[in-house]
Amino acid sequence: SVGVLFGILGLVGLIKVSPANSGFAEAICGERKFNYKDIQHYSDETNNLVAVNFGGWLCLEDWFFSGSVGRYVSTPGQLSRGQGACLPPLLSGPLDEPWPSEGVLINRLMKANSSQWAADVFKAHRESFISKQDYKELKDLGIKSVRIPLSWAVFADVLAQVDPEIYGKHDPDHDTAIVPDPFYKDDIHQATVPRAWLRDQLALASDQGIRVVLDIPTMPGGSSDGTYSGIWPLPPKFWKENVKFGSGNVSLQQVGLWLNDALIKWVESLDDLLAKGTIWGLCMINEPAHLSAMEGHSWATEDDVLNYIESYTELFRASTLPKRGVRLYVQIIETAFSNFNARVPDWYHKTYTDEERGTWAVMARHYYTAWNNACNGLIQSPKVAGGGYQCDESTDRIRGMLRDCIFSFAGEFNQLFPSPDLRAVTEWSLGTNPDANMACTNADVLRVLFEANVNAFAILHEEGLGLIEPFFWTWRMP
C-alpha cells in the first residue's frame, strides 16, 4: 500500500527527493530530483551514512508483501492471519488467505502443491529481489556496508546429526530444499539458501567495495515474537524446548549454537573475501527474545538471553575471525528486559574486555521513532490522539522535536556504552508511525526525519564521543 511504502520508505525511494531546508543538512539538500550526488556527498562528509539493510530478501516479513491491504509495519497480534498477500515473481496475489510468516507460507505452499513448488517460489524471489545493480547503486551513493538478514535454514544441514534422513540429504551448497522446523515439524517449514549462491552474492558486494554484515534474525522454534521469526503467530519455543526429532534430548538452544558455529566456520573458509575486508561482521541472533519482558510472556528470561550471548561469544572468540578484522554485532533488544539500562551495560562491560569492545565486540541496538509516542508522527485527524507531531505541522517544529528525541537516545547510548566501546544502530527507519495509514507520507517531513537521525549519530562522532554506526532499514520495498 502507499501507506506502507512511504511509512517505511526504502532508500531507493528516498534518493528520488530532497528537502527544501538549509543549515547542517545542506549536504543532502537540493532540488527535487534524483539526488545521488547529494547523498554521496553527505556520506563522504559525515562518514556516517555508511550502511543499509537488505530487508525482505533472505528473511521475510509479511508486511513487505502486503500489497494494497497492508497497514501495520509490525503485524499486531489481533491480525494473526497476517498481511502477506503475495511473493513475487511467481506467487502473485490475491491469495485465498494472507500469510503471517515465512515458515507458515512455505508450509502452505508445500501442502497445497509440492515441496518443489515452494522451493521454486522462494528461489525466484531470492534471485530477483536483489541484483548486481543494487550493489552498484550502493557504491554510487557512497554507502559502505550492507546488513543481510538470513534465515537459519542457510545452515539447516547441522541438524543432520539429529536426523540425517530429514536434514542430511540435500546439497547445502547448491540446493533450495524444504525442511521442517525441528520443533514445529508439522506446521512450519523453511527453504534452505544455497551457500554457493550466497557466496556469489557476497562476491558481488566485494566487487563494488561493499562490506557485509551477516545477521540471523530467526532460530528454530522461533526466538522472538514477530513476523520475522519465521514461526509467527505461533509462540517462540527456542529458549525452553527441545527438538522433536531423534532422541528429543537436544535443546533448540544447542541447535542455535551449532548454527552459529557453522556460520563462523563457513565465513572462515571465505579466504579471498576476508582478505578484501568484505565480511565486516556477524550477528548471531537478532532481537533475541523480543517482547519476552512484556506482561503475560514467560517463554524466555533475561538470563536465557545473556547466557546464550555468552555462549556464542565464546565460539566467536575462539575462532580466527577477530584477528581477521571481522566484528561481532551483539544485538540486544530492550523489550527482553525489565530494565535494560540497569542490567545490560554492566553485563556487557564484564563480558567483554576493553580491547574486545574497542576492536570487534559491537553493542548493537535498534531505534525507531515510530514506536515512541513522544517522538512519532501521524496525519491530522480529530479522531487520533497522541503523537509527538502531526504531519502538517511546520518542518521547523518537527525538526526541533525530532532532534531532541534522537539526540537524547544517541547521548544515552554513548553514556551507557562509552568509548572505547564500538556501537551501532543496526536498524532505523523513516517510518513515523507503526500504523502506516496514520503515518506521514510528505517527502519533506520524511527528509527531516532522515536528517535528524544521521545528524545525531554524526555529531556525536564530531564531538569526539565516538561513532554510532547506523544501518538504514531498509534498502528496497517491493
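Notes on the structure follow. The shown structure was predicted, so the numbers you read here are calculated from the model rather than taken from an experiment.

**Concerning the pattern of salt bridges**
Summed over the entire model, instances satisfying the criterion amount to 27 salt bridges. Note that Arg 399 and Asp 396 form a salt bridge whose closest N and O atoms lie 3.0 Å from each other. Taken together, the residues Arg 399 and Asp 396, both in helix 14 (residues 395-416) and three residues apart, mark about one turn of the helix. Among the charged side chains, a network of salt bridges with common partners joins Arg 147, Asp 215 and Glu 427.

**What to know about helix 9 (residues 252-268)**
With 17 residues, helix 9 should cover 24 Å at 1.5 Å per step; its first-to-last C-alpha distance of 24 Å lies within 8% of that length. Where helix 9 is concerned, the buried positions are Leu 252, Val 255, Gly 256, Leu 257, Leu 259, Asn 260, Ala 262, Leu 263, Ile 264, Trp 266, Val 267 and Glu 268. The inward-facing, buried residues of helix 9 contact helix 8 (195-207), strand 5 (211-215), helix 10 (271-275), strand 6 (279-283) and helix 11 (302-317).

**Overview of the state of the cysteines**
Evaluation of the coordinates by the stated rule reveals two disulfides. Linked covalently through their sulfurs, Cys 391 and Cys 440 form a disulfide whose S-S length is 2.1 Å. Note on the Cys 391 and Cys 440 pair: the S-S dihedral is about -90 degrees, so by sign convention the disulfide is left-handed. With a gap of 49 residues between them, Cys 391 in the loop between strand 10 (389-390) and helix 14 and Cys 440 in the loop between strand 11 (422-428) and helix 15 (443-462) connect regions that are remote in the sequence. A relative accessible area of 0% places Cys 440 in the buried class. Each bonded cysteine of the protein chain gets a number by its place in the sequence, and the pairs then read 1-3, 2-4.

So, how was this worked out
Residues numbered from 1 in each chain as written. Predicted model: local features only at pLDDT ≥ 70, side-chain atom pairs only at ≥ 80, totals over all residues. Heavy atoms only, no water. Salt bridge = Lys/Arg side-chain N within 4 Å of Asp/Glu carboxyl O. Helix = DSSP H or I, 4+ residues; strand = E, 2+ residues; numbered from the N terminus. Expected span 1.5 Å × (residues − 1). Buried < 20%, exposed > 50% of the residue type's maximum accessible area, 1.4 Å probe, protein only. Contact = heavy atoms within 4.5 Å. Disulfide = S-S within 2.5 Å.

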